[in-house]
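# Structural features, examined
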Amino acid sequence: MDDVTTARALHIVGVVLWIGGVGFVTTVLLPAVRRMKDPQERVSFFERIEGRFAWQARATTLLVGASGFYLVAAWGLWSRFQSVAYWWMHAMVLVWTVFTVMLFIAEPLFLHRWFVVKAQENPERIFRLIERLHWFLLVISMLTILGAVAGSHGM
Ligand code: HEM
(Lines give C-alpha, C1' and ligand atoms only; values in the text may rest on other atoms or scores of the structure.)
Protein backbone atom coordinates (compact mmCIF):
# COMPACT_ATOMS: atom_id res chain seq x y z
CA MET A 1 0.00 0.00 0.00
CA ASP A 2 1.53 3.38 -0.99
CA ASP A 3 1.44 6.55 1.17
CA VAL A 4 -1.56 8.08 -0.56
CA THR A 5 -3.66 4.92 -0.30
CA THR A 6 -2.74 4.69 3.38
CA ALA A 7 -3.72 8.35 3.92
CA ARG A 8 -7.06 7.78 2.15
CA ALA A 9 -7.78 4.68 4.25
CA LEU A 10 -6.90 6.53 7.49
CA HIS A 11 -9.08 9.45 6.35
CA ILE A 12 -12.10 7.17 6.08
CA VAL A 13 -11.40 5.26 9.32
CA GLY A 14 -11.24 8.65 11.07
CA VAL A 15 -14.49 9.82 9.46
CA VAL A 16 -16.29 6.59 10.43
CA LEU A 17 -15.22 6.73 14.09
CA TRP A 18 -15.83 10.47 14.40
CA ILE A 19 -19.13 10.98 12.53
CA GLY A 20 -20.36 7.56 13.69
CA GLY A 21 -19.89 8.82 17.25
CA VAL A 22 -21.80 12.01 16.46
CA GLY A 23 -24.61 9.83 15.04
CA PHE A 24 -24.70 7.70 18.20
CA VAL A 25 -24.75 10.72 20.50
CA THR A 26 -27.50 12.42 18.45
CA THR A 27 -29.85 9.50 17.78
CA VAL A 28 -29.28 7.25 20.83
CA LEU A 29 -27.59 8.98 23.76
CA LEU A 30 -29.45 12.32 23.79
CA PRO A 31 -32.94 10.72 23.47
CA ALA A 32 -32.00 8.26 26.28
CA VAL A 33 -30.84 11.09 28.57
CA ARG A 34 -34.09 12.98 27.82
CA ARG A 35 -36.16 9.93 28.84
CA MET A 36 -34.12 8.89 31.88
CA LYS A 37 -33.25 12.14 33.64
CA ASP A 38 -35.11 15.11 35.10
CA PRO A 39 -34.63 18.37 33.17
CA GLN A 40 -32.33 19.79 35.91
CA GLU A 41 -29.95 16.81 35.74
CA ARG A 42 -29.87 16.30 31.96
CA VAL A 43 -27.20 18.81 30.92
CA SER A 44 -24.60 17.97 33.57
CA PHE A 45 -25.20 14.19 33.15
CA PHE A 46 -24.87 14.46 29.36
CA GLU A 47 -21.78 16.69 29.58
CA ARG A 48 -20.08 14.16 31.87
CA ILE A 49 -20.70 11.27 29.45
CA GLU A 50 -19.90 13.24 26.31
CA GLY A 51 -16.61 14.38 27.82
CA ARG A 52 -15.14 10.96 26.97
CA PHE A 53 -16.34 11.16 23.39
CA ALA A 54 -14.91 14.69 23.08
CA TRP A 55 -11.36 13.26 23.38
CA GLN A 56 -12.09 10.65 20.72
CA ALA A 57 -13.59 13.35 18.50
CA ARG A 58 -10.49 15.56 18.99
CA ALA A 59 -8.14 12.73 18.00
CA THR A 60 -10.18 11.72 14.95
CA THR A 61 -10.57 15.37 13.86
CA LEU A 62 -6.77 15.67 13.86
CA LEU A 63 -6.41 12.40 11.90
CA VAL A 64 -9.03 13.37 9.30
CA GLY A 65 -7.58 16.88 8.88
CA ALA A 66 -3.98 15.68 8.58
CA SER A 67 -4.79 12.86 6.13
CA GLY A 68 -7.15 15.14 4.13
CA PHE A 69 -4.58 17.91 3.67
CA TYR A 70 -1.92 15.31 2.90
CA LEU A 71 -4.13 13.99 0.05
CA VAL A 72 -4.73 17.53 -1.28
CA ALA A 73 -0.98 18.24 -1.26
CA ALA A 74 0.07 14.83 -2.63
CA TRP A 75 -2.40 14.93 -5.53
CA GLY A 76 -2.07 18.72 -6.04
CA LEU A 77 -5.81 19.27 -5.64
CA TRP A 78 -5.67 22.92 -4.52
CA SER A 79 -7.33 24.18 -7.75
CA ARG A 80 -10.50 22.24 -6.82
CA PHE A 81 -11.19 24.93 -4.22
CA GLN A 82 -11.75 27.39 -7.09
CA SER A 83 -14.55 25.35 -8.65
CA VAL A 84 -18.18 25.15 -7.48
CA ALA A 85 -18.42 21.65 -8.98
CA TYR A 86 -16.15 20.56 -6.15
CA TRP A 87 -18.50 21.99 -3.48
CA TRP A 88 -17.93 18.79 -1.48
CA MET A 89 -14.24 19.68 -1.04
CA HIS A 90 -15.32 23.01 0.48
CA ALA A 91 -17.91 21.14 2.58
CA MET A 92 -15.25 18.79 4.00
CA VAL A 93 -13.03 21.68 5.06
CA LEU A 94 -16.03 23.61 6.41
CA VAL A 95 -17.31 20.68 8.53
CA TRP A 96 -13.77 20.05 9.78
CA THR A 97 -13.35 23.75 10.69
CA VAL A 98 -16.68 23.89 12.56
CA PHE A 99 -15.76 20.82 14.65
CA THR A 100 -12.18 22.05 15.21
CA VAL A 101 -13.40 25.40 16.54
CA MET A 102 -16.02 23.70 18.75
CA LEU A 103 -13.76 20.98 20.16
CA PHE A 104 -10.46 22.85 20.52
CA ILE A 105 -11.55 26.43 21.24
CA ALA A 106 -15.23 26.99 22.16
CA GLU A 107 -15.82 23.87 24.31
CA PRO A 108 -12.75 24.05 26.58
CA LEU A 109 -12.69 27.85 26.82
CA PHE A 110 -16.31 28.78 27.48
CA LEU A 111 -19.05 26.60 25.93
CA HIS A 112 -18.94 23.85 28.57
CA ARG A 113 -19.20 26.39 31.43
CA TRP A 114 -21.87 28.39 29.58
CA PHE A 115 -24.08 25.27 29.14
CA VAL A 116 -23.82 24.34 32.81
CA VAL A 117 -24.57 27.89 34.05
CA LYS A 118 -27.44 28.46 31.60
CA ALA A 119 -28.88 25.02 32.35
CA GLN A 120 -29.48 26.13 35.94
CA GLU A 121 -31.67 28.99 34.66
CA ASN A 122 -33.61 27.09 31.99
CA PRO A 123 -32.64 23.39 31.72
CA GLU A 124 -35.24 22.46 29.09
CA ARG A 125 -34.16 25.26 26.73
CA ILE A 126 -30.46 24.41 26.98
CA PHE A 127 -31.01 20.69 26.51
CA ARG A 128 -33.12 21.41 23.40
CA LEU A 129 -30.31 23.67 22.12
CA ILE A 130 -27.78 20.84 22.63
CA GLU A 131 -30.07 18.42 20.76
CA ARG A 132 -30.53 20.84 17.84
CA LEU A 133 -26.82 21.57 17.64
CA HIS A 134 -26.06 17.84 17.39
CA TRP A 135 -28.70 17.32 14.69
CA PHE A 136 -27.26 20.25 12.74
CA LEU A 137 -23.71 18.84 12.96
CA LEU A 138 -24.90 15.33 12.02
CA VAL A 139 -26.90 16.53 8.99
CA ILE A 140 -24.09 18.70 7.54
CA SER A 141 -21.63 15.83 8.12
CA MET A 142 -23.87 13.27 6.36
CA LEU A 143 -24.46 15.59 3.39
CA THR A 144 -20.69 16.11 3.16
CA ILE A 145 -20.04 12.34 3.19
CA LEU A 146 -22.67 11.82 0.46
CA GLY A 147 -21.11 14.58 -1.66
CA ALA A 148 -17.51 13.41 -1.08
CA VAL A 149 -18.14 9.74 -1.94
CA ALA A 150 -20.28 10.58 -5.00
CA GLY A 151 -17.90 13.36 -6.11
CA SER A 152 -14.66 11.43 -5.73
CA HIS A 153 -16.11 8.48 -7.65
CA GLY A 154 -17.03 10.55 -10.67
CA MET A 155 -20.60 11.75 -10.13
C1 HEM B 1 -9.41 19.36 6.45
C2 HEM B 1 -10.46 18.73 6.04
C3 HEM B 1 -10.49 17.74 4.90
C4 HEM B 1 -9.72 17.65 3.79
C5 HEM B 1 -8.58 18.57 3.36
C6 HEM B 1 -10.19 16.50 3.04
C7 HEM B 1 -9.65 16.05 1.83
C8 HEM B 1 -10.07 14.95 1.13
C9 HEM B 1 -9.53 14.48 -0.12
C10 HEM B 1 -8.39 15.16 -0.87
C11 HEM B 1 -10.22 13.38 -0.51
C12 HEM B 1 -9.99 12.53 -1.77
C13 HEM B 1 -10.83 13.10 -2.90
C14 HEM B 1 -10.71 12.29 -4.17
O15 HEM B 1 -10.50 11.08 -4.14
O16 HEM B 1 -10.90 12.90 -5.24
C17 HEM B 1 -11.21 13.12 0.50
C18 HEM B 1 -12.12 12.09 0.47
C19 HEM B 1 -13.15 11.93 1.35
N20 HEM B 1 -13.37 12.67 2.50
FE21 HEM B 1 -12.28 14.27 3.11
N22 HEM B 1 -11.23 15.93 3.72
C23 HEM B 1 -11.45 16.65 4.85
C24 HEM B 1 -12.42 16.42 5.81
C25 HEM B 1 -13.42 15.50 5.68
C26 HEM B 1 -14.56 15.39 6.55
C27 HEM B 1 -14.83 16.30 7.75
C28 HEM B 1 -15.32 14.36 6.10
C29 HEM B 1 -16.62 13.84 6.64
C30 HEM B 1 -17.58 14.59 7.14
C31 HEM B 1 -14.65 13.80 4.94
C32 HEM B 1 -15.10 12.71 4.23
C33 HEM B 1 -14.52 12.21 3.09
C34 HEM B 1 -15.06 11.11 2.32
C35 HEM B 1 -16.30 10.30 2.65
C36 HEM B 1 -14.22 10.94 1.21
C37 HEM B 1 -14.43 9.98 0.04
C38 HEM B 1 -13.55 8.80 0.07
C39 HEM B 1 -13.85 7.83 -1.04
O40 HEM B 1 -15.02 7.55 -1.34
O41 HEM B 1 -12.90 7.29 -1.58
N42 HEM B 1 -13.49 14.52 4.73
N43 HEM B 1 -11.10 14.07 1.50
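The structure this text deals with has already been given above.
So, here's what we can say about the structure.

### Focus: the overall build of the protein
The secondary structure content of the protein amounts to four helices and zero strands. The N-to-C order of helical and strand elements in the protein reads α-α-α-α. When the backbone C-alpha atoms are referred to their principal axes, the protein occupies close to 50 × 25 × 25 Å. A buried classification covers 18% of the 155 residues belonging to the protein.

### Considerations on the site of the ligand
Around the ligand, the surrounding shell holds 22 residues, and the nearest of these are Gly68, Leu71, Met92, Ala148 and Ser152. For the shell around the ligand, the elements supplying multiple residues, two or more each, are helix H1 (3-36), helix H2 (39-75), helix H3 (87-121) and helix H4 (123-152). Residues belonging to the shell around the ligand are distributed by class as follows: 15 nonpolar, seven polar and no charged.

### Looking at the packing of H2 against H3
Two numbers describe how H2 lies on H3: the axes approach to 10 Å, and their chain directions differ by 160°. Viewed along their axes, H2 and H3 adopt a mutual orientation that is roughly antiparallel. Handedness of the H2/H3 crossing: left-handed. From H2, Val43, Ser44, Glu47, Ala54, Ala57, Arg58, Thr61, Val64, Gly65 and Gly68 reach across to H3, where they touch Met92, Trp96, Phe99, Thr100, Leu103, Phe104, Glu107, His112, Phe115, Val116 and Ala119. Partitioning the contact of H2 with H3 into residue classes produces 12 nonpolar, six polar and three charged.

### Quick word on H2
Here H2 is 37 residues long and its end C-alpha atoms lie 50 Å apart, about the 54 Å a rise of 1.5 Å per residue gives. The largest bend in H2 amounts to roughly 35° and is located at Gly51. Listed as buried for H2 are Arg42, Val43, Phe46, Ala57, Thr60, Val64, Ser67 and Gly68. Its buried side turned inward, H2 meets H1, H3 and H4.

### Describing the environment of Leu137
If you trace the backbone, Leu137 turns up in helix H4. Residue class for Leu137 comes out partly exposed when judged on the 19 C-beta atoms lying within 10 Å of it. For the pair Leu137 and Val22, spaced 115 residues apart in the sequence, the C-alpha separation amounts to 7.9 Å.

### Brief notes about the nonpolar core
Residues Val33, Val43, Phe46, Ala119, Ile126, Phe127 and Ile130 constitute the largest nonpolar core, which totals seven residues. Listed by contribution, the elements that provide at least two residues to this core are H2 and H4. Per-element accounting of this core gives the leading share, three residues, to H4. Those residues in contact with Ala119, other than ones at most four positions away along the chain, are Val43 and Ile126.

Rules of the game
Residues numbered from 1 in each chain as written. Predicted model: local features only at pLDDT ≥ 70, side-chain atom pairs only at ≥ 80, totals over all residues. Helix = DSSP H or I, 4+ residues; strand = E, 2+ residues; numbered from the N terminus. Buried ≥ 20, exposed ≤ 12 C-beta atoms within 10 Å, placed from the backbone. Near = placed C-beta within 6 Å. Nonpolar A, V, L, I, M, F, W, Y, C, P; charged D, E, K, R; others polar. Axes fitted to C-alpha atoms, helices over the stretch in contact; angles between N-to-C directions. Parallel < 35°, antiparallel > 145°, perpendicular 65-115°, else oblique. Left-handed = near helix turned anticlockwise from the far one by under 90°. Contact = placed C-beta atoms within 7 Å. Expected span 1.5 Å × (residues − 1). Bend = angle between axes of the 7 residues up to and from the residue. Core = buried A, V, L, I, M, F, W, Y, C linked by C-beta atoms within 7 Å.

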